[in-house]
Amino acid sequence: MITATATATEMQDNFGRYLKLVMSGQEVIVTQNGQEVGRFIPKDAAVSYLTDSLTGILKGDYDISELSQ
């Protein structure tokens, strides 16, 4: 997956440009003061991330003590 980086201000000022990037399958990392604060990702990638994160829980592959932290 191709990734672009934008400051929060750039993202705000050029939202349409970054929306087109995401719609074309790219991921946009959003930064503020040089620190990553979020990612703007295509819908299919979001579903994939969610599915992957739930896989271990659904298979029972987890430690209950970790869940309470």
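For the structure itself, look to the data block above.
This brings us to the packing of aromatic side chains. Taken as a whole, this structure holds one aromatic pair when the rule is applied. With a centroid separation of 5.7 Å and 40° between ring planes, the pair formed by phenylalanine 15 and phenylalanine 40 is classed as tilted. With phenylalanine 15 in helix 2 (residues 15–23) and phenylalanine 40 in strand 3 (residues 35–40), this residue pair connects regions lying 25 residues apart in the sequence.

With that settled, consider the pairing of strand 2 (residues 27–32). Most of strand 2 is tucked away: five of the six residues are buried. As paired elements, strand 1 (residues 3–7) and strand 2 share five bridges and run parallel to each other. Directly across from threonine 3, in strand 2, lies its bridge partner glutamate 27. Of the strand pairs in this sheet, strand 2 and strand 3 are connected by five bridges, and their pairing is antiparallel. Counterpart to isoleucine 29 in the pairing with strand 3 is arginine 39. Between strand 2 and the antiparallel strand that follows it, strand 3, lie two residues; asparagine 33 among them carries a positive phi value of about 55°.

Among the nonpolar cores identified, the biggest contains eight residues, and these are Ala4, Ala6, Met11, Tyr18, Leu21, Val22, Val28 and Val30. Of all the secondary structure elements, the ones that give two or more residues to this core are strand 1, helix 2 and strand 2. With three residues, helix 2 is the single largest residue contributor to this core. Other than its neighbours up to four places away in sequence, valine 22 contacts Val28, Phe40, Ile41 and Pro42.

Across all of its chains, the model carries two salt bridges by this definition. Glutamate 27 is the partner of arginine 39 in a salt bridge, and the nearest nitrogen-oxygen pair spans 2.2 Å. One end of the pair, arginine 39, is in strand 3; the other, glutamate 27, is in strand 2, with twelve residues separating them in the sequence. When its relative accessible area of 48% is taken as the criterion, arginine 39 is described as partly exposed. Measuring nitrogen to oxygen at the nearest pair gives 2.7 Å for the salt bridge that ties glutamate 36 to arginine 39. Among the ionic contacts, a cluster of salt bridges with common partners joins Glu27, Glu36 and Arg39.

Reading the values: rules and limits
- Residues numbered from 1 in each chain as written.
- Predicted model: local features only at pLDDT ≥ 70, side-chain atom pairs only at ≥ 80, totals over all residues.
- Heavy atoms only, no water.
- Phe/Tyr/Trp six-rings, centres within 6.5 Å; stacked < 30°, edge-to-face > 60°.
- Helix = DSSP H or I, 4+ residues; strand = E, 2+ residues; numbered from the N terminus.
- Buried < 20%, exposed > 50% of the residue type's maximum accessible area, 1.4 Å probe, protein only.
- Pairing = 2+ DSSP bridges.
- Core = buried A, V, L, I, M, F, W, Y, C linked by side-chain atoms within 4.5 Å.
- Contact = heavy atoms within 4.5 Å.
- Salt bridge = Lys/Arg side-chain N within 4 Å of Asp/Glu carboxyl O.

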